[in-house]
Amino acid sequence: MKSLPQISEAEYEVMKVVWENAPISTNEVTDRLTATTDWSPKTIQTMLKRLVTKGALSYVKEGRVFVYTPLVEEGEYVGQKSRSFLSRYYDGKLSSMVSAFLENDRLTDSEISTLRELLDKGEGRGGN
């Protein structure tokens, strides 16, 4: 498994915009994030530069505009972070995490129903 860059929570918000809209210009990223956060355009530009430096994004210059594309796949990043979270807090066991949520009333009836459906679909598949 390849090592993925360390991305802060704020940088992750930038990545979500890029993943959803790539290729995307600096102005488009800024417009989307200033509509949903209180970040300044300069802050967003700084995070884009950091993500390029970390190897999470690449860019091409089209005229006077920078256009960004991800170098890290969203599913791969989320999968690695999920495995890391499970390993760190639940000894790598999904069942321990679900049990903790059930014991602390953190799952709604709807979520439990959805989990049952997912388990029924995956039954017999095995997996790691």
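Everything discussed here concerns the structure shown above.
Residues numbered from 1 in each chain as written. Predicted model: local features only at pLDDT ≥ 70, side-chain atom pairs only at ≥ 80, totals over all residues. Heavy atoms only, no water.

## Overview of the sheet that holds strand 2 (residues 57-62)
Quick reminder of the rule: Pairing between strands is defined by DSSP: at least two bridges between them are needed. Segments assigned H or I by DSSP are reported as helices when at least four residues long, segments assigned E as strands when at least two residues long, and all are numbered from the N terminus.
Pairing in this open sheet of 3 strands is antiparallel, and the strands run 1-3-2 from one edge to the other. Where the open sheet ends on each side, the last strands, each with one partner, are strand 1 (24-25) and strand 2. Strand direction decides the pairing type here: strand 1 and strand 3 (residues 65-70), joined by 2 bridges, are antiparallel. If you follow S25 over to strand 3, its bridge partner there is V67.

## Overview of the environment of L57
Using the following cut-off: With a 1.4 Å probe rolled over the protein chains alone, any residue whose accessible area is under 20% of its type maximum counts as buried; one over 50% counts as exposed, and the rest are partly exposed. Contact definition: two residues touch when any of their heavy atoms are within 4.5 Å.
The topology assignment puts L57 in strand 2. We classify L57 as buried; its relative accessible area is 1%. In this structure, the C-alpha to C-alpha distance between L57 and P70, residues 13 residues apart in sequence, is 4.4 Å. Those residues within four positions of L57 in sequence are excluded, and the remaining contacts are M15, V18, L48, L51, V52, Y68, T69, P70 and L71.

## Re the packing of helix 2 (residues 26-36) against helix 3 (residues 41-53)
Threshold: Inter-axis angles, ranging from 0 to 180 degrees, are taken between N-to-C directions of lines fitted to C-alpha atoms, where helices are fitted over the stretch in contact. Under this scheme an angle from 65 to 115 degrees is roughly perpendicular, one under 35 degrees roughly parallel, and one over 145 degrees roughly antiparallel; angles in between are oblique. Helix crossings fall into two classes, left-handed where the near helix is turned counterclockwise from the far one by less than a right angle and right-handed where it is turned clockwise. Residues are sorted three ways: Asp, Glu, Lys and Arg are charged, Ala, Val, Leu, Ile, Met, Phe, Trp, Tyr, Cys and Pro are nonpolar, and all the rest, Gly among them, are polar.
In contact at an axis separation of 10 Å, helix 2 and helix 3 are set at 125° when each is read in the N-to-C sense. By the angle class used here, helix 2 and helix 3 are oblique. For the element pair helix 2 and helix 3, the recorded crossing hand is right-handed. Two secondary-structure elements touch here, helix 2 through T26, V29, T30, L33 and T34 and helix 3 through P41, I44, Q45 and L48. Class assignment of the residues belonging to the contact of helix 2 with helix 3 gives a composition of 5 nonpolar, 4 polar and no charged.

## Quick word on helix 4 (residues 74-90)
Going by this rule: What a helix is expected to span follows from its residue count: subtract one and scale by 1.5 Å.
Along its 17 residues, helix 4 runs 23 Å from first to last C-alpha, staying within 8% of the 24 Å computed at 1.5 Å per residue. For helix 4, every residue scored as buried is listed here: Y77, G79, L86 and Y90.

## Quick word on the nonpolar core
The condition that has to hold: Think of a nonpolar core as a cluster: buried Ala, Val, Leu, Ile, Met, Phe, Trp, Tyr and Cys residues, connected wherever their side-chain atoms sit within 4.5 Å.
Judged by nonpolar contacts, the single largest core of 19 residues is most densely connected at V14, M15, V29, L48, L51 and L57. Contributions of two or more residues to this core are made by helix 1 (9-21), helix 2 and helix 3. For this core, the element with the most residues is helix 1, which contributes 5 residues.

## Concerning the pattern of salt bridges
Which entries qualify depends on this criterion: Salt bridge criterion: a side-chain nitrogen from Lys or Arg within 4 Å of a carboxyl oxygen from Asp or Glu.
Scanning the model with the defined rule gives 2 salt bridges in all. Where E11 meets K54, a salt bridge forms, and the shortest distance between an N and an O atom there is 2.6 Å. Within this pair, whereas E11 is found in helix 1, its partner K54 is found in the loop between helix 3 and strand 2, the two being separated by 43 residues in sequence. For E11, a relative accessible area of 1% gives the class buried. Using a relative accessible area of 37% as the deciding quantity, one classes K54 as partly exposed. Between K16 and E13 there is a salt bridge whose closest N-O contact spans 3.1 Å. Here E13 and K16 lie together in helix 1, a separation of 3 residues that amounts to about one turn.

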